[in-house]
Amino acid sequence: MNILILGGGGREHALAWAIRQNPKCDRLIVAPGNAGIAGVAECADLDVLSRAAVLEFAQENAIDFVIIGPEAPLAAGVSDALRDAGFLVFGPSQAAAQLEASKTFTKEICDACAAPTAAWARFTDAAAARDYVTAQGAPIVVKADGLAAGKGVTVAETVEQAHAAIDDIFDGAFGDMSVVIEEFMDGEEASFFILSDGTDCLAIGTAQDHKRVGDGDTGPNTGGMGAYSPAPVLTQAIQDQVMDRIVRPTIAEMARRGTPFQGVLYAGLMIADGQARLVEYNVRFGDPECQVLMMRLGGQVLDLLLACAEGRLADTPVIWADDHALTVVMAAEGYPGAYAKGTVIGGLQALPETSFQMTFHAGTADRDGAVVATGGRVLACTGRGATLTDAHQRAYALVDAIDWPQGFCRRDIGWRAL
Ligand code: AMP
Ligand code: GLY
């Protein structure tokens, strides 16, 4: 079959790498792709946010299956346009993508199905929000309601910090928005990935990431500096609890509202005292969590995504290996602040590319035969092994073989579980 993946980051490189291994895959196109993806698929220059452009491209290239990687095309309704035209698509509708795009929407769904999550309140004016925070006290969490590229959340340790965050939001730092104030949840965070075809659900893996830029979980937040899978804190008992109390009720509520969720649900969870509560949903694979999941699932991923899109999850098994994967993100010096683009990365050609070691490209381009950095997060050096220690050693062996003076990474990915 002819497959089109939308996106051009480390997540899409990992998806393409896994899907390419499945014999059902004849032609694989990734749009826009990147220098690493070009090694496993054709790359196409395409505006993935334009429904018309994606539809025309899919028709012209006789695409049988479209997989949507990032949230932006989902929020833009690209999946709806493709489905309406008869294409098989992996990824939720614009209406179901609200589970990521709107904090209020998700909180209302949780309330409707009694899924455990932090207590919350929503405000459209600063004074009322400030008064609420003063009454509740700190720590407390302030969230801009809308897609803010992960930058709209403040975990405030004092009432003053919370007030400042509220003022920022209403000063238009994130555009025209309302604010959601949440109870602070303490505990250990982990991510749980579940496929849903709208009715049935299939858990396909767990992961933990490292959001802070510096070793020891210090410094500003990023999109993720590394991840590992499985997440030890998400024991089978906790996974069962999350499926029963959070995931299946959410999927049922979405169906009841006439906006069934089809795609991957990425549940961000807070675990304390053997109980899990929902922090947030995303409606796509995490980046770099996808890299460790794909490394562990391999070629069966295509069968899983097809079963999801075709509504066959009830009879689809996941084949689990008793293995571990770990990925280390290499970023451009300065990230998540300002960083240089166009610096040359050496040593990539000689790296092993096996089911135990893969260097996924997140932000690279080919410039006159040299691979150059084009983004903040640039590479995801990924290892797999029988133990997390093996995976860790294999991932850092890749890092150490890369010659990129303008890049950096954390040296302690996986510390909590090692
Ligand atoms: P979100 O964008 O909602 O996932 O929030 C980003 C991060 O903020 C999460 O990954 C958590 O680390 C933290 N966070 C969000 N909400 C809460 C909460 N209610 N209690 C504690 N931490 C939170
Ligand atoms: N690594 C976090 C995310 O993909 O949202």
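Each remark here, short or long, concerns the structure printed above.
Residues numbered from 1 in each chain as written. Chains lettered and ligands numbered in written order. Predicted model: local features only at pLDDT ≥ 70, side-chain atom pairs only at ≥ 80, totals over all residues. Heavy atoms only, no water.

(A) Focus on the overall build of the protein chain. For the protein chain, the helix and strand inventory stands at twelve helices and 23 strands. The C-alpha atoms of the protein chain give 21 Å as radius of gyration, which agrees with the globular expectation for 418 residues (22 Å, within 12%). Counting only carbon and sulfur atoms, one obtains 49% of the accessible surface of the protein chain, whose full area is about 16200 Å². Both charge centroids of the protein chain, one from 30 positive and one from 53 negative side chains, sit 2 Å from each other. (Helix = DSSP H or I, 4+ residues; strand = E, 2+ residues; numbered from the N terminus. Rg over C-alpha atoms; globule rule 2.2 N^0.38 Å. Areas by Shrake-Rupley, 256 points an atom, 1.4 Å probe, with all protein chains shown as cover. Lys, Arg positive; Asp, Glu negative; His and termini not counted. Charge placed at Lys NZ, Arg CZ, Asp CG, Glu CD.)

(B) Representation of the site of ligand 2 in the model. Surveying the vicinity of ligand 2 reveals the residues Asp209, Gly223, Tyr266, Arg284, Gly286, Asp287, Pro288 and Glu289. With respect to ligand 2, the side chain of Asp209 contributes an N or O atom lying 3.4 Å from a nitrogen atom. Here Glu289 contributes a side-chain N or O atom positioned 2.9 Å from a nitrogen atom of ligand 2. In the complex, 85% of the free accessible area of ligand 2, which totals 200 Å², lies under the protein chains. (Near = heavy atom within 4 Å. Polar contact = N/O pair within 3.5 Å; in protein donor to acceptor, adjacent residues only side chain to side chain.)

(C) Summary view of the sheet that holds strand S20 (residues 364-367). Reading across from one edge, S18-S21-S20 is the order of the three strands in this open sheet, with antiparallel pairing throughout. The sheet is open, and its two edges are formed by strand S18 (344-345) and S20, each paired on a single side. Strand direction decides the pairing type here: S18 and strand S21 (residues 370-373), joined by two bridges, are antiparallel. Bridge pairing links Val344 to Val372 in S21. (Pairing = 2+ DSSP bridges.)

(D) Highlighting the environment of Cys308. By secondary structure assignment, the location of Cys308 is in helix H11 (residues 300-309). With a relative accessible area of 1%, Cys308 lands in the buried category. Between the C-alpha atom of Cys308 and that of Leu49, which follows or precedes it by 259 residues, the distance is 23 Å. Apart from the residues lying within four places of it in its own chain, the contact partners of Cys308 are Phe90, Leu195, Ser196, Asp197, Gln262, Gly263 and Leu313. (Buried < 20%, exposed > 50% of the residue type's maximum accessible area, 1.4 Å probe, protein only. Contact = heavy atoms within 4.5 Å.)

(E) Spotlight on the sheet that holds strand S5 (residues 88-90). Across the sheet, which stays open at both edges, the five strands sit in the order S3-S2-S1-S4-S5 with parallel pairing between neighbours. Strand pairing shows two members of the sheet lacking a second neighbour, strand S3 (42-43) and S5, which therefore form its edges. When strand S1 (residues 2-7) meets strand S2 (residues 27-32), the two strands line up parallel, connected through six bridges. Across the sheet, Ile5 pairs through a bridge with Val30, a residue of S2.

(F) Representation of the site of ligand 1 in the model. Around ligand 1, the structure places 15 residues, and the nearest of them are Lys143, Glu182, Met185, Glu189 and Glu280. A distance of 2.8 Å separates an oxygen atom of ligand 1 from a polar side-chain atom of Lys143. Alone, ligand 1 offers 470 Å² of accessible surface; in the complex the protein occludes 89% of this. For the shell around ligand 1, the secondary-structure elements that each account for two or more residues are strand S7 (140-144), strand S8 (153-156), strand S9 (179-183) and strand S16 (275-282).

(G) Quick peek at unusual backbone geometry. Residue Pro230 follows Ser229 across a cis peptide bond; omega there is 0 degrees. Note on placement: Pro230 falls in the loop between strand S14 (226-229) and helix H9 (236-256). Residue Pro288 is reached from Asp287 by a cis peptide bond, and omega for that bond is 25 degrees. By the element assignment, Pro288 lies in the loop between S16 and helix H10 (289-297). Of note, the phi angle at Ala62 is positive, near 50 degrees, even though the residue is not glycine. As for its position among the elements, Ala62 is in the loop between helix H2 (51-60) and strand S4 (65-68). In the Ramachandran plot, Asp217 falls in the positive-phi region, its phi being about 55 degrees despite a non-glycine side chain.

(H) Representation of the pairing of strand S10 (residues 188-197) in the model. The element S10 is largely enclosed, with a buried count of eight among its ten residues. Two strands pair when backbone bridges link them, and S10 and strand S15 (residues 262-272) are joined in this way by ten bridges, in the antiparallel orientation. Along S15, the bridge assignment pairs Asp197 with Gln262. Inspection of the sheet shows S10 paired to strand S11 (residues 201-209) by six bridges, in the antiparallel sense. Among the inter-strand pairings, Phe193 is bridged to a residue of S11, identified as Gly205.

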